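Architecture at a glance
Read off the chains here:
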Amino acid sequence: MTTARRPTGLLRLVVSLVGVHSLVLGLAMLVAPLAFTRFIGFPEAASPFFPSQTGAFLVALGICYLSALGNVAFTWTIVVSKAVAVVFLFTHAFLLDAPPAVLAAGVGDLLM
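I will try to describe carefully the structure that is included in this document.

What counts, and where the lines are drawn
Residues numbered from 1 in each chain as written. Predicted model: local features only at pLDDT ≥ 70, side-chain atom pairs only at ≥ 80, totals over all residues. Heavy atoms only, no water. Helix = DSSP H or I, 4+ residues; strand = E, 2+ residues; numbered from the N terminus. Buried < 20%, exposed > 50% of the residue type's maximum accessible area, 1.4 Å probe, protein only. Areas by Shrake-Rupley, 256 points an atom, 1.4 Å probe, with all protein chains shown as cover. Polar contact = N/O pair within 3.5 Å; in protein donor to acceptor, adjacent residues only side chain to side chain. Contact = heavy atoms within 4.5 Å. Patch = residues over 30% accessible without salt bridge, like charges linked within 9 Å, V, L, I, M, F, W, Y side chains within 5 Å. Salt bridge = Lys/Arg side-chain N within 4 Å of Asp/Glu carboxyl O.

Check the secondary structure of the protein and you find five helices and zero strands. Of the regular secondary structure in the protein, the N- to C-terminal order runs α-α-α-α-α. The principal-axis extent of the C-alpha atoms belonging to the protein is close to 55 × 30 × 20 Å. A buried classification covers 29% of the 112 residues belonging to the protein. Split by element, the accessible area of the protein, about 7200 Å² in all, is 77% carbon and sulfur.

In structure tokens, the structure reads:
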């Protein structure tokens, strides 16, 4: 039986920070979805459903990211999801009508 290799050093720190970041952001969107979207510059939503759904998605991603602390092979989920996030956020920031926080989020995800 082989044991999964765990990330160490800088990779462990980055995986931890990315996972906690997603969990905190997701929980904020679940707890106060309308206030959170207003805070980052979006107009008042008619319903809290979609901001809450985004929060649930971010919590799920955070859990997946943190699971990579137990197996370095799972770090690919971070690379793939961050690449998709950067393309999505930059598309909205540069081509669609998005508040400045969207560009900042894209830059933040690119740096992660």
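We are not done yet, so read on.
Right, let's talk about the side chain of serine 81 for a bit. Mapped onto the fold, serine 81 is located in helix α4 (residues 75-95). Polar side-chain contacts of serine 81 include one of 2.4 Å to the side chain of tyrosine 65. When residues no more than four places from it in sequence are discounted, the contact partners of serine 81 are Leu61 and Tyr65.

Residues Phe94, Leu95, Leu96, Leu103, Val107 and Leu111 make up a contiguous nonpolar surface patch of about 640 Å² in total accessible area. Counting only elements with at least two residues in the nonpolar patch, the list comes to α4 and α5 (100-111). When residues of the nonpolar patch are assigned to their parent elements, the largest contribution, three residues, is made by α5. On the accessibility criterion, valine 107 (38% relative accessible area) is partly exposed.

Once that is clear, we can look at the pattern of salt bridges. Side chains that carry opposite charge are capable of pairing whenever their charged atoms lie near each other. Tallied over the full model, the rule gives two salt bridges. Across the pair lysine 82 and aspartate 109 runs a salt bridge, and its minimum N-O distance is 3.0 Å. In this pair, lysine 82 sits in helix α4 while aspartate 109 sits in helix α5, placing the two residues 27 residues apart along the sequence. Judged on exposure class, the residue lysine 82 and its partner aspartate 109 are both buried.

Once that is clear, we can look at the side chain of serine 22. Position of serine 22 relative to the elements: it lies in helix α1 (residues 9-31). Since its relative accessible area comes to 2%, serine 22 is described here as buried. Filtering out sequence-adjacent residues up to four positions away, serine 22 remains in contact with Leu58, Val59, Gly62, Tyr65 and Lys82.

Turning next to the environment of valine 15. Tracing the backbone through its elements, the reader meets valine 15 in helix α1. Owing to a relative accessible area of 1%, valine 15 belongs among the buried residues under this scheme. Along the chain, valine 15 and tyrosine 65 lie 50 residues apart, while their C-alpha atoms are 6.5 Å from each other. With sequence-adjacent residues up to four places away left out, valine 15 is seen in contact with Tyr65, Leu66, Ala68, Leu69, Thr75 and Ile78.

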